[in-house]
Amino acid sequence: MSLTSPGAEARAALEAAGRLPDAELDIAGVALQLARIDSPDADWRQVAAHLSDLARAAVEAAAADPVADAGDLERRRAVLAEVIHGRFGYAGDTETYDDLVNANLIRVVERRRGLPVALGILWLHAAEAAGWGAHGVDFPGHFLIALEGGRSQAVVDVFAGGTPLAAPDLRALIKRVGGERAELRPGLLLPMARRDVLLRLQNNIKLRRLRNGDLKGALACTEDMLRLSPDHAGLWREAAMMNQRLERIGAALACLDRFLELCPEGEQANRMRAVAEELRNRLN
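As the structure is a computational prediction, the values presented were derived from the model and not from experiment.

I'm lost on the overall build of the protein chain in this one. Help?
Helix and strand content of the protein chain: 13 helices and seven strands. For 284 residues, the compact-globule estimate of 2.2 N^0.38 gives 19 Å, and the C-alpha radius of gyration of the protein chain, at 20 Å, lies within 12% of that figure. For the protein chain, the C-alpha atoms occupy an extent of roughly 70 × 55 × 35 Å along the three principal directions. Expressed as a percentage of its 284 residues, the buried residues of the protein chain come to 47%. The long-range share in the protein chain, meaning contacts at least 24 apart out of those at least 6 apart in sequence, stands at 59%. Only carbon and sulfur atoms are counted for the fraction: they give 50% of the accessible area of the protein chain, which is about 13,700 Å².

What follows is the structure, given as structure tokens:
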């Protein structure tokens, strides 16, 4: 029997993933390791088996629909929506949206409910299994995915059961989340890297913990994000500030040093050097 804790195993897996190129990341597999940390007693292997079942169902559905497999984006959307939301019963959690379980893939699989980005990871997992191109869309306030085909793409609201979104729908959505003055602008639908999708998933947990006053929990979440993305300067800065608030001066300085290695120039770098100097003076 292994003496290694589930959290230690999962964190080692995150560090290994952090050394991989983005294209080689198993997005659902990494999300599962992130979930293990917060759900150490859960049967994560059963969830891994479910992810395999979901992938197999997507492969079978793609093979059964030659129009979709040939590249018809509307058919691909319909096929994946039927598999994920129809056959497996996934839906957006509109009743307890801010519950932390909605960003934990283990609990999302158990409850068949989750946040847009958690459901989006399942869509990306299924699309990849089917051999279809897809990517996350970092839409303000509401994660979306886009199915790829040739020079076009089909934007999908996975939180709403896989609803297709045309330009008027996207404009209405951005006004709903950003206010009446918000408008569509270039760059809103650019593809997200897989690593960035996973960071957005964890950012939901970090922000909710901060909102609930759980600074230690938010810092732990940030540290796990850094295992996955060790060169993310912004996360090192956030970790430094959290450590400072927790009076962990040595840890704060180490984070600031790493931030300044990654981001040595500019106004923010100058501010962080001033913070580091102040903290070193406190140690003398």
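Whenever I open this one, the packing of helix α10 (residues 215-228) against helix α11 (residues 233-245) confuses me. Can you help?
What describes two packed helices is the angle between their axes and the distance between those same axes. At a minimum axis separation of 10 Å, α10 and α11 run at an interaxial angle of 155 degrees. In terms of their interaxial angle, α10 and α11 are classed as roughly antiparallel. Handedness of the α10/α11 crossing: left-handed. On α11, the residues touching Leu215, Ala218, Leu219, Thr222, Met225 and Leu226 of α10 are Leu235, Trp236, Ala239, Met242, Asn243 and Arg245. When grouped by side-chain class, the residues that make up the contact of α10 with α11 number nine nonpolar, two polar and one charged.

I tried to follow the sheet that holds strand β3 (residues 134-137) on my own but got confused; where do I start?
Backbone-to-backbone hydrogen bonds pair the strands of a sheet. The strands run either parallel or antiparallel. Read from one edge to the other, the open sheet built from five strands follows the order β6-β5-β4-β3-β7, with strand pairing classed as antiparallel. Of all the strands in the sheet, just β6 (163-164) and β7 (191-192) have a single pairing partner and so form its edges. As paired strands, β3 and β7 are joined by two bridges and run antiparallel to one another. The partner of Gly136 across the bridge, within β7, is Met192. Helix α5 (residues 73-87) rests against β4 (144-149), β5 (152-157) and β6 of the sheet, and its axis sits at about 135 degrees to β4. Contacts from helix α7 (residues 116-130) reach β3, β4 and β5, with the element oriented near 165 degrees to β3.

I tried to follow the pairing of β5 on my own but got confused; where do I start?
The two faces of a sheet get side chains in turn, since along a regular strand they alternate between them. Bridging between β4 and β5 involves five bridges; their strand directions are antiparallel. If you follow Leu147 over to β5, its bridge partner there is Ala154. The hairpin formed by β5 and β6 contains five residues between the paired strands, and Gly161 there has a positive phi angle of roughly 80 degrees.

What is the right way to read the pairing of β3 from this model?
With four bridges connecting them, β3 and β4 associate as antiparallel partners. Residue pairing for β4: Gly136 is matched across the bridge by Ile145. Connecting β3 to the antiparallel partner β4 that follows it, the hairpin turn spans six residues, and Gly141 within it adopts a positive phi of roughly 75 degrees.

Sorry if this is basic, but what is going on with the pattern of salt bridges here?
Side-chain pairs of opposite charge can arise whenever the charged atoms involved come near each other. Tallying each qualifying case throughout the model produces 23 salt bridges. As a salt-bridge pair, Asp53 and Arg56 come within 2.9 Å of each other at their nearest N and O atoms. Residue Asp53 and its partner Arg56 are located together in helix α3 (residues 44-63), separated by three residues, close to a single helical turn. Judged by its relative accessible area of 44%, Arg56 falls in the partly exposed class. In this structure, the salt-bridge partner of Arg211 is Asp98, at a minimum N-O distance of 3.8 Å. Of the two residues, Arg211 sits in helix α9 (residues 194-211) while Asp98 sits in the loop between β1 (91-92) and α6 (105-111), which places them 113 residues apart along the sequence.

Would you mind going over the packing of α3 against α7 with me for this structure?
At a minimum axis distance of 8 Å, the contact between α3 and α7 shows a crossing angle of 50 degrees. In terms of their interaxial angle, α3 and α7 are classed as oblique. Crossing of α3 over α7 shows right-handed handedness. The residues of α7 that touch α3, namely those facing Leu51, Leu54, Ala55, Ala58, Val59 and Ala62, are Leu122, His125, Ala126, Ala129 and Ala130. Taken together, the residues of the contact of α3 with α7 break down into 10 nonpolar, one polar and no charged.

Rules of the game
- Residues numbered from 1 in each chain as written.
- Predicted model: local features only at pLDDT ≥ 70, side-chain atom pairs only at ≥ 80, totals over all residues.
- Heavy atoms only, no water.
- Helix = DSSP H or I, 4+ residues; strand = E, 2+ residues; numbered from the N terminus.
- Rg over C-alpha atoms; globule rule 2.2 N^0.38 Å.
- Buried < 20%, exposed > 50% of the residue type's maximum accessible area, 1.4 Å probe, protein only.
- Contact = heavy atoms within 4.5 Å.
- Areas by Shrake-Rupley, 256 points an atom, 1.4 Å probe, with all protein chains shown as cover.
- Axes fitted to C-alpha atoms, helices over the stretch in contact; angles between N-to-C directions.
- Parallel < 35°, antiparallel > 145°, perpendicular 65-115°, else oblique.
- Left-handed = near helix turned anticlockwise from the far one by under 90°.
- Nonpolar A, V, L, I, M, F, W, Y, C, P; charged D, E, K, R; others polar.
- Pairing = 2+ DSSP bridges.
- Salt bridge = Lys/Arg side-chain N within 4 Å of Asp/Glu carboxyl O.

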